Every structure is written in structure tokens, then in C-alpha cells.
Amino acid sequence: MTPTLVLTRPESQARALVAELGLDLPVVIAPVLEIAPAAPPPDLGGYRGVILTSVNGVDHAPDLTGKRVYCVGQRTAEAARAKGGDVRLVTPDAARFVRQIQAEGPLVHLHGRHRAGTVAEDLTLAGLETHSVTVYEQNALSLTEEAKALIEGSSRVILPLYSPRTARLVGAGVARVGPNVHVIAISPAAAEAWTAETGHSPEVCAEPDGETMRKRIRAACETESP
């Protein structure tokens, strides 16, 4: 039986992922987060560099032309360059970012209201003055009835989870997890959130980045297709 891919990312990101994957299988887009601006973009004039850890942060940042930019994730870096940023560092995850960054402060980290790490705090403790500014909201949405029925049912389902908060929201939105649901968590933190809500242990990406997740989704589709 061909699996159904259930995507709970914000809609624009989910649709972009579908296009990138190019898979011939049913897809249900059921966002549990809606991205919205938190406030007018901050003035970057007093900072010597900008830290961006998501494409959403780039989308809600002011013009980056001429600014030194330090990124987590290749997609984040691509978006920052397209917005004029002078990208000086790209790492696949926040832990390596904190260890590898070499910059002069003050810096500013532009992020969403809900964030998994403490990049600004960690860098400041390490002696690199870094401010933290929320530039977008991640408003929770209810899981759609279609997605809920698929996750709770007996059909084959591939369910990628891209953040701990998404994992919690999806897990809290279902009464049970069906026997043929293949959950792929982008990070150990996302996996822990899913397990805490559902009691089920998902597959965990070896690297917490979009490219690894896309490879794991494709592999799951190949394994579960007839």
C-alpha cells in the first residue's frame, strides 16, 4: 500500500517541501503552526552581525544588505544571501554554531517566539555580546480531522516532525498512533517531545537539517511503497 505523506509544517514550507521531494504519492498538508510577524523589524544599525537560525527569521528580518550574517542551515543561508546578507558562517545545527562562530559583537539573533535553543544566551555567557529579538510568531493551529484520522488509523503514513513544538502539538492532537505510522523526527529534542506526548519512539535524523530529513522521507517512501 502506498503511504500518505502528512505534513504539519506551516503551509508555505509544506508546499515547498512537496515540490522539492517530487514524489508520486498522496500528500495531506495540515499545518499546526501559522507564521505571523511579531512586531516591526528591528533596527540593525547598532549591531555588527545578525544571527539567523531559520528561513522564517530571514523572512521577517529587515533588509540585510551589507550585514554580516551567521546562519544555521543551508536554506537559511540561501535566503539570507537573497536578502543581501554577507553570510560568514553556516552550520547544520545550533550546537555547532555556538562552538564555531568567530565574530565581533554586539550581535543580534532574530528568531520566533518559540525557540528550541538559547543561542544568544550561550554566546553572551561565552563572552560574545548577543541580543535576542523575537521577529515572528508561531501561532498554534488545530490538527485537521483528515490528518488526525490518518495518524490514528491503520493506513500507511509518513509523518515528518520538524520541531519539538510541532511534535508536541501533533501528539496532543491525536488519541492514538496507528500501527503503520512512520514518524521521522528532525532532532533528538523533537523525538523526545513526540515520545512524551504519545509513548511512541520515532526515527531520528542523523543530522538535524532539511537535507537529511528529505533523504529520510524519500527512503521511507521507497521502503513503504508496494
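Residues numbered from 1 in each chain as written. Predicted model: local features only at pLDDT ≥ 70, side-chain atom pairs only at ≥ 80, totals over all residues. Heavy atoms only, no water.

Colleague: Please explain the overall build of the chain as it appears in this structure.
Modeller: The helix and strand inventory of the chain stands at nine helices and eleven strands. Whereas a compact globule of 226 residues would reach a radius of gyration of roughly 17 Å, the chain reaches 18 Å, a difference of no more than 12%. Dimensions of the chain along its principal axes, counting C-alpha atoms only, are 55 × 30 × 30 Å. Put simply, the chain has 226 residues, and 48% of those count as buried. Considering only residue pairs separated by 6 or more positions, the chain has 55% of its internal contacts joining residues 24 or more positions apart. Charge-centre separation for the chain: the mean point of 22 positive side chains lies 3 Å from the mean point of 26 negative side chains. (Helix = DSSP H or I, 4+ residues; strand = E, 2+ residues; numbered from the N terminus. Rg over C-alpha atoms; globule rule 2.2 N^0.38 Å. Buried < 20%, exposed > 50% of the residue type's maximum accessible area, 1.4 Å probe, protein only. Contact = heavy atoms within 4.5 Å. Lys, Arg positive; Asp, Glu negative; His and termini not counted. Charge placed at Lys NZ, Arg CZ, Asp CG, Glu CD.)

Colleague: Sorry, what's going on with the nonpolar core here?
Modeller: Looking at soluble globular proteins, one finds that nonpolar side chains tend to be buried together. If you look at the biggest cluster of nonpolar residues, it comprises 20 residues, and the most contacted ones within it are Val-6, Leu-143, Leu-159, Leu-161, Val-170 and Trp-194. Counting residues per element, the ones that place at least two in this core are α6 (145-152), β9 (157-161), α7 (164-172), β10 (181-185) and α8 (188-198). Sequence-distant contacts of Trp-194, that is, excluding residues within four places in its chain, are made with Leu-159, Leu-161, Ala-167, Val-170, Gly-171, Val-177, Val-183, Gly-199, His-200 and Pro-202. (Core = buried A, V, L, I, M, F, W, Y, C linked by side-chain atoms within 4.5 Å.)

Colleague: I would appreciate a short explanation of the UniProt feature "domain: Tetrapyrrole biosynthesis uroporphyrinogen III synthase" (unreviewed entry) in the chain in the present structure.
Modeller: The feature "domain: Tetrapyrrole biosynthesis uroporphyrinogen III synthase" (unreviewed entry), as given by UniProt, occupies residues 25-206 in the numbering adopted here. Counting secondary structure, residues 25-206 comes out at 31% helix and 29% strand; the distance between its end C-alpha atoms is 25 Å. (UniProt positions renumbered as here; feature names shortened; annotations may be inferred.)

Colleague: I keep staring at the sheet that holds strand β11 (residues 203-204) and nothing clicks. Help me out?
Modeller: The pairing of strands in a sheet comes from backbone hydrogen bonds and takes either a parallel or an antiparallel form. Strand order in the open sheet formed by five strands is β2-β1-β9-β10-β11, and the pairing between neighbours is parallel. In this open sheet, the two edge strands, each paired with only one partner strand, are β2 (27-29) and β11. Packing against the sheet, helix α1 (residues 11-21) makes contact with β1 (4-7) and β2, and its axis sits at approximately 160 degrees to β2. (Pairing = 2+ DSSP bridges. Axes fitted to C-alpha atoms, helices over the stretch in contact; angles between N-to-C directions.)

Colleague: Explanation requested: the domain arrangement of the chain in the structure shown.
Modeller: Interfaces are often sized by the amount of accessible area the parts lose when they come together. Under the domain assignment used here, the chain contains domain 1 (4-32 + 141-222) and domain 2 (36-138). A straight line from the C-alpha centre of domain 1 to that of domain 2 covers 27 Å. In this assembly, eight residues from domain 1 lie in contact with eight residues from domain 2. Roughly 620 Å² of surface becomes buried between domain 1 and domain 2 when both sides are summed, with 35% attributable to carbon and sulfur atoms. There are two salt bridges connecting domain 1 and domain 2. Our count for the contact surface shared by domain 1 and domain 2 stands at four residue pairs in polar contact (both at pLDDT 80 or more). Mapped onto the side of domain 1 that touches domain 2, the elements with two or more residues apiece are α1 and α7. Of the residues belonging to the side of domain 1 that touches domain 2, the class tally is two nonpolar, one polar and five charged. (Domains from an automatic or database assignment. Buried area = accessible area lost by both parts, 1.4 Å probe. Salt bridge = Lys/Arg side-chain N within 4 Å of Asp/Glu carboxyl O. Polar contact = N/O pair within 3.5 Å; in protein donor to acceptor, adjacent residues only side chain to side chain. Nonpolar A, V, L, I, M, F, W, Y, C, P; charged D, E, K, R; others polar.)

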